[in-house]
Amino acid sequence: MVRSSLPSQRHAELNSQVSESAIRREAHSHLPPSCCQANARHCAHHAKTYSTQQPPLQNHEIPRSHLRPFPTFRATPVLLATGASHLAAFPPRFRALQHCYNNKLPPPPLWVGMLGLVPSSSSYLLYRRLAAVRTFSAAAGSVNMAARSALDEVTDSGAFDRSPSTFRNFVSRDSSARFPAVPGRYHLYVSYACPWASRCLAYLKLKGLDNAISFTSVKPIFERTRETDDHLGWVFPATGDEDPGADPDPFNGVKTVRELYEIASTSYTGKPTVPVLWDKQLKTVVNNESSEIIRMFNSEFNEIAENPGLDLNPPHLQASIDEVNDLVYDAINNGVYKCGFAKKQEPYDEAVRNLYEALDKCEEILSKQRYMCGNQLTEADIRLFVTLIRFDEVYAVHFKCNKKLLREYPNLFNYTKDIYQIPGISSTVNMEHIRKHYYGSHPSINPYRIVPAGPNIDYNATHDREKYSL
Ligand SMILES: N[C@@H](CCC(=O)N[C@@H](CS)C(=O)NCC(=O)O)C(=O)O
């Protein structure tokens, strides 16, 4: 539904400056990925992506009265032309206009001055037209609109609402597939700070795929990704010495993850996130959804994996893994972000309540068995681990998850040490990057970027988890 209605709504709204080919490109960007046909649950996610990333313009109506109080003079073609040239010359200023438009606010002062020079009804139309042209041009790749970041994903009620990932292709063991599982063809872009990327790294290590699939980590702290707007995001260092662990992009020579997405899709205006599974041959993003990347790593690369016998998603535990994942993703993995990015008390309270209820449940499960789905390590454990390992060092302070520390949960704490000590896993945990990233990348949460001193936990310390496997 979204697929067919969006482009035509835009078409009707926009002025003749927008070319037919740009409209076709935008229409193409709304085509649902092929996995939609295969997975109804993802379909619902995609529908949300397309409707939230590129909302139909009629959702952004502002009351005309917002523009009435301004003084009105006769509009001239020159003024309109000046408005259009400001649009090109001052993108950050224009963003402010578009932000106001999207949030049903009066336009910022510079634009008030300009719009005030035209009659109020023309002002209103001009305001809508400029915002619409800007939105559309960015979607069509002709203007560098600021990319979004997680801090922008907060609803009117103040709750954090993560947008779904957009590249959802699959690598297949079938050699005739578009993305066949062959050694040396794929590259994984990660941040050591990111829990979602770290779970992919954990799989590379556990499955013995790190010789077949290379990887690069970005620098830990977000930086400006473009001079012409104020987006903050992942960047590569100029050399390998800047931030040990982070390296320059070895294949595309780009400075930012944002540029990788723009190579893959000229119409990409979403969040430039990691992980990114990159196809070096087709120069595109195969997939940027870690829950799918780990499933591919588990099952599709076995012919080239050093540890093909390890199945972290065995069929007999599938239902139990999915059940644990449902609990852990919403309340814990994403739950800590909901606590940290909430902008109002109620959504924070709700997120904290759900987080601790889920942690209590996990503690209870782990008081009876070594891992979340029995006495065998599964995907569910890797997914839980990446959040637990960051909990006391970062989330307890930075995201206000301080009702109880991980160290106060004996089973969860020992379980975290147990997984950390599995060969290969500790190399995926770079606490320096983790601490630098969170405390240094969210100015609205920690404006002075001060990194707290503690607690520097030793996850190599002894634990008691073997008792369940005896
Ligand atoms: N659903 C994605 C989420 C990835 C994600 O949100 N990554 C964060 C880092 S932890 C990111 O890259 N954020 C960029 C930003 O907020 O601008 C996945 O699991 O792969």
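Position numbers for residues start from 1 in each chain and track the written sequence from start to end. The predicted origin of the model limits local features to residues at a pLDDT of at least 70 and limits the giving and counting of side-chain atom pairs to 80 or more, whereas totals for whole chains, interfaces and linings rest on all residues. Computation of side-chain values covers all heavy atoms of the structure but excludes hydrogens and water.

(A) Spatial organisation of the overall build of the protein. Here a strand is any run of E in DSSP of at least two residues, a helix any run of H or I of at least four, and the numbering for each starts at the N terminus. Looking only at helices and strands, the protein features 17 helices and six strands. Scored against the burial criterion, the 470 residues of the protein give a buried share of 53%. Any two residues whose heavy atoms approach within 4.5 Å are treated as being in contact. Summarising the internal contacts of the protein: among those between residues at least 6 apart in sequence, 72% fall at separations of at least 24. Exposed residues in this analysis have more than 50% of their type's maximum accessible area, buried residues have under 20%, and partly exposed residues fall in between, with area computed by a 1.4 Å probe over protein chains only.

(B) The arrangement of the pairing of strand E2 (residues 214-217) in detail. When DSSP locates at least two bridges between a pair of strands, those strands are taken to pair. Sheet topology places strand E1 (residues 186-190) next to E2; four bridges connect them, and they run parallel. Among the inter-strand pairings, Val190 is bridged to a residue of E2, identified as Ser217. You can see the chain leave E1, run along helix H9 (residues 195-207) and come back into E2, and the turn it takes is right-handed. By the criterion used throughout, a crossover qualifies as right-handed when its path from the first strand across the helix to the second strand runs clockwise, the strands pointing away from the viewer.

(C) View of H9. Each helix should span, by expectation, one fewer than its residue count multiplied by 1.5 Å. The end-to-end C-alpha separation of H9 is 18 Å, in line with the 18 Å expected for 13 residues at 1.5 Å each. Of all 13 residues in H9, 12 are buried; the element is thus mostly enclosed. Taken together, the buried positions of H9 are occupied by Pro195, Trp196, Ala197, Ser198, Arg199, Cys200, Leu201, Ala202, Tyr203, Leu204, Leu206 and Lys207. Following H9 by one or two positions, Gly208 has its phi on the positive side, about 65°.

(D) The arrangement of the sheet that holds strand E6 (residues 284-287) in detail. With mixed pairing, four strands are arranged side by side in an open sheet as E2-E1-E5-E6. Either end of the sheet is taken by a strand with one partner, and the two such strands are E2 and E6. The average angle at which neighbouring strand axes cross in this sheet is 35°, direction not considered. Where E1 meets strand E5 (residues 276-279), four bridges bridge the pair, whose relative direction is antiparallel. When the sheet's bridge partners are listed, Tyr186 is paired in E5 with Asp279. Only the contacting stretch of a helix is used when fitting its axis, a line to C-alpha atoms as for every element, and angles between N-to-C directions run 0 to 180 degrees. Sheet strands touched by H9: E1 and E2. Its angle to E1, the strand with the most contacts, is close to 135°.

(E) View of the side chain of Asn411. Here Asn411 shows up in helix H16 (residues 410-420). On the accessibility criterion, Asn411 (12% relative accessible area) is buried. For this analysis, a polar contact is any N or O atom pair within 3.5 Å, provided that within protein one partner can donate a hydrogen and the other can accept it, and provided that sequence-adjacent residues contribute only side-chain to side-chain pairs. At 3.4 Å, the side chain of Asn411 and the side chain of Arg465 are in polar contact. When near neighbours in sequence (up to four residues on either side) are disregarded, Asn411 contacts Glu363, Leu366, Ser367, Arg465 and Tyr468.

(F) Just the site of the ligand, in detail. Summary of the distance rule: residues count as near a molecule or strand when at least one heavy atom falls within 4 Å of that molecule or strand. Around the ligand, a shell composed of 18 residues is seen, among which Arg162, Cys194, Trp234, Glu289 and Ser290 lie nearest. Here an oxygen atom of the ligand and a backbone polar atom of Asn288 are 3.3 Å apart. One of the side-chain N or O atoms of Ser290 is found 2.6 Å from an oxygen atom in the ligand. Contact with the protein chains covers 94% of the free accessible surface of the ligand, which is 520 Å². Here the nonpolar group is Ala, Val, Leu, Ile, Met, Phe, Trp, Tyr, Cys and Pro; Asp, Glu, Lys and Arg are the charged ones; every other residue, Gly included, is treated as polar. Split into classes, the residues belonging to the shell around the ligand amount to 10 nonpolar, five polar and three charged. In this description, accessible areas are obtained by the Shrake-Rupley approach with a 1.4 Å probe, and a residue is regarded as covered only by the protein chains that are shown.

(G) View of the environment of Lys207. One can find Lys207 in helix H9. In the structure, Lys207 is positioned 90 residues away from Phe297 in sequence and 7.5 Å away in space, judged by C-alpha atoms. Excluding residues within four positions of it along the chain, Lys207 makes contact with Phe297, Asn298, Asn302, Ala305, Glu306, Asn307, Pro308 and Leu310.

(H) Representation of the environment of Cys194 in the model. By secondary structure assignment, the location of Cys194 is in the loop between E1 and H9. When the C-alpha positions of Cys194 and Arg390 are compared, they lie 9.6 Å apart, and in sequence the two are 196 residues distant.

(I) How the structure looks around unusual backbone geometry. A cis amide bond, omega 5°, links Val274 with the succeeding residue Pro275. Assignment of secondary structure puts Pro275 in the loop between helix H10 (257-264) and E5. The amide bond that connects Gly454 to the next residue, Pro455, takes the cis arrangement and shows omega of -5°. With respect to the helices and strands, the residue Pro455 is situated in the segment after helix H17 (431-441). Residues other than glycine seldom take positive phi values, yet Lys283 does so here, at roughly 50°. By the element assignment, Lys283 lies in the loop between E5 and E6. Even without being glycine, Arg449 reaches a positive phi, approximately 55°. Mapped onto the fold, Arg449 is located in the segment after H17.

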